[in-house]
Amino acid sequence: MAEIKRAMIDKHIPLIRQAAAEGSQIVCLQELFYGPYFCAEQSTRWYDMAEAVPDGPTITLIQNLAKELQIAIIAPIYEMEGTGVYYNTAAVIDSHGSYLGKYRKSHLPHLDPGFWEKFYFRPGNLGFPVFDLGFCKIGVYLCYDRHFPEGARALGLNGADIVFNPSATVAGLSEYLWKLEQPAHAAANGYFVGAINRVGTEAPWNIGEFFGQSYFCNPRGQIFSEASRDKDEVLTADLDLDQVAEVRKTWQFYRDRRPEMYGDLVKP
């Protein structure tokens, strides 16, 4: 486990440095970035990948790197809160290297062809926090969360200008939704979305091709920057944050909401 983790971290550090060199102010890594998507099997051995957040070694390393490069970093890892208590978590670090907080994945899949997340994680219990970087406010939604519009709306109501969705998703299962749901969230809520997906096929499970195609879309739901399907790479884009206010002034979705009529939506 330690060798796997070290190899993946060593692979990501040059990419983070590249993003900073290209002028990035915020860098978001893929879901469970420091290992394979181990949820393709159900085995207790993968519990050893979990770490404390923020006091574990990986987040400490990311804090030091963020401070050195003067960038904010979203680092999704396997969190251990206590013995036998684990979460799928993204830590948010600002450009001073300060830990701002974390988001825990709220919606957990447990389905074929190999997304057995309820074996590994408890459902998130921190709500839908938004983190203030000074120049913008960001939120995090994790992979399977993107299929649920309620949390996407909550992030907008909480003030997010950009929502990042680190993912690990394969062709044949959800690819038809990849460029449908998240642009819809962006348009419905008037914010930018950064959608992140890993690439390749991971042995020995071979549950499918992680189809990449990370992208940014604007508050009108238009994809304007996209990565390839099959290459490890850094995708950078300039986001004109003035578009958030521009779109929200045009479409008064927040003004015209009717929360008093939505009670049935929160009934179990």
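What this report covers is the structure whose coordinates are included nearby. Here the structure is a predicted model, which is why all the values come from computation and not from measurement.

### What about the packing of helix α1 (residues 2-21) against helix α2 (residues 57-69)?
Next, step 1: Closest axis-to-axis distance for the α1/α2 pair is 11 Å, and the angle between their directions is 20°. It follows from the interaxial angle that α1 and α2 lie roughly parallel. Viewed along their axes, α1 and α2 form a crossing whose handedness is right-handed. Contacts between α1 and α2 involve K5, R6, I9, I13, I16, R17 and A20 on the former and, on the latter, T58, L61, I62, L65, E68 and L69.

### Examining the sheet that holds strand β14 (residues 223-226)
Next, step 1: As summarised here, the arrangement of the six strands in space is β7-β8-β9-β10-β13-β14, forming an open sheet in which the pairing is mixed. Looking at which strands have only one partner, the edges of the open sheet turn out to be β7 (130-132) and β14. Averaged over all neighbouring strand pairs, the angle between strand axes comes to 20°, with direction disregarded.
Next, step 2: Sheet analysis places strand β13 (residues 215-217) next to β14, joined by three bridges and oriented antiparallel. Residue pairing across strands places C217 opposite I223, the latter belonging to β14.

### Let's talk about the pairing of strand β9 (residues 162-167)
Next, step 1: Along β9, six of the six residues are buried, which leaves the element largely enclosed by surrounding structure.
Next, step 2: By the alternation rule, side chains of β9 split into I162, F164 and P166 and V163, N165 and S167, which are all buried.
Next, step 3: Pairing of strand β8 (residues 137-140) with β9 involves three bridges; the strand directions are parallel. Among the inter-strand pairings, V140 is bridged to a residue of β9, identified as F164.
Next, step 4: Read as a crossover between parallel neighbours, the route from β8 over helix α3 (residues 149-157) to β9 is right-handed.

### Here we look at the environment of S24
Next, step 1: One can find S24 in the loop between α1 and β1 (26-28).
Next, step 2: Counting along the chain gives 16 residues from S24 to M8, while the straight-line C-alpha distance between them is 21 Å.
Next, step 3: Sequence-distant contacts of S24, defined by excluding residues within four places in its chain, comprise A19, I71 and T236.

### Quick notes on the side chain of H12
Next, step 1: With respect to the helices, strands and loops of the structure, H12 is situated in helix α1.
Next, step 2: Once residues lying within four places of it in the same chain are set aside, the contact partners of H12 are L29, Q30 and F33.

### With respect to the sheet that holds strand β4 (residues 99-104)
Next, step 1: Read across the open sheet, the four strands follow the order β1-β2-β3-β4; overall the sheet is mixed. Because the sheet does not close on itself, it has two edges, and the strands there are β1 and β4. In this sheet, adjacent strand axes meet at a mean angle of 35° when their direction is disregarded.
Next, step 2: Direction of pairing for β1 relative to strand β2 (residues 72-82): parallel, over a ladder of three bridges. Bridging from a neighbouring strand, I26 pairs with A72 of β2.
Next, step 3: The strands touched by α2 within the sheet are β2, β3 (85-93) and β4, with β2 carrying the most contacts at an inclination of about 160°.

### Comments concerning the side chain of E202
Next, step 1: Within the secondary structure, E202 is located in the loop between β11 (199-200) and β12 (210-211).
Next, step 2: According to the relative accessible area criterion, E202 is buried, its value standing at 15%.
Next, step 3: Among the polar contacts made by the side chain of E202, one reaches the main-chain amide nitrogen of Y37 at a distance of 2.7 Å.
Next, step 4: What E202 contacts, discounting residues up to four positions off in sequence, is P36, Y37 and F210.

### Considering the nonpolar core
Next, step 1: By size, the foremost hydrophobic cluster in this structure holds 40 residues, and its most contacted members are I16, F33, Y37, F38, Y78, F121 and I207.
Next, step 2: Elements represented by at least two residues in this core include exactly α1, α2, β2 and β3.
Next, step 3: No other element matches the five residues that α1 contributes to this core.
Next, step 4: Sequence-distant contacts of I16, that is, excluding residues within four places in its chain, are made with V27, L29, I62, L65, L69, I71 and I73.
Next, step 5: If you look at the next biggest cluster of nonpolar residues, it comprises 32 residues, including C28, C136, V163 and F164.

### What to know about the packing of aromatic side chains
Two measures describe an aromatic ring pair: the distance that separates the ring centres and the angle between the ring planes.
Next, step 1: The tally for this structure, following the rule as stated, stands at 23 aromatic pairs.
Next, step 2: Judged by centre distance (5.1 Å) and plane angle (75°), the rings of F38 and Y120 are edge-to-face. Here F38, found in the loop between β1 and α2, pairs with Y120, found in the loop between β6 (115-116) and β7; they are 82 residues apart in sequence, far enough to count as distant.
Next, step 3: Residue classification places Y120 among the buried positions, given a relative accessible area of 2%.
Next, step 4: Grouping aromatic residues by their ring pairs yields a cluster made of F38, W46, Y47, Y78, Y86, F119, Y120, F121 and W205.
Next, step 5: Its end group placed over the ring of Y34, K5 keeps NZ or CZ at 4.8 Å from the ring centre.
Next, step 6: Here the basic side chain of R104 rests over the ring of Y87, its NZ or CZ set 3.9 Å away from the ring centre.

The rules behind these values
Residues numbered from 1 in each chain as written. Predicted model: local features only at pLDDT ≥ 70, side-chain atom pairs only at ≥ 80, totals over all residues. Heavy atoms only, no water. Axes fitted to C-alpha atoms, helices over the stretch in contact; angles between N-to-C directions. Helix = DSSP H or I, 4+ residues; strand = E, 2+ residues; numbered from the N terminus. Parallel < 35°, antiparallel > 145°, perpendicular 65-115°, else oblique. Left-handed = near helix turned anticlockwise from the far one by under 90°. Contact = heavy atoms within 4.5 Å. Pairing = 2+ DSSP bridges. Buried < 20%, exposed > 50% of the residue type's maximum accessible area, 1.4 Å probe, protein only. Right-handed = clockwise from strand over helix to strand, strands pointing away. Polar contact = N/O pair within 3.5 Å; in protein donor to acceptor, adjacent residues only side chain to side chain. Core = buried A, V, L, I, M, F, W, Y, C linked by side-chain atoms within 4.5 Å. Phe/Tyr/Trp six-rings, centres within 6.5 Å; stacked < 30°, edge-to-face > 60°. Lys NZ or Arg CZ within 6 Å of the ring centre and 35° of its normal.

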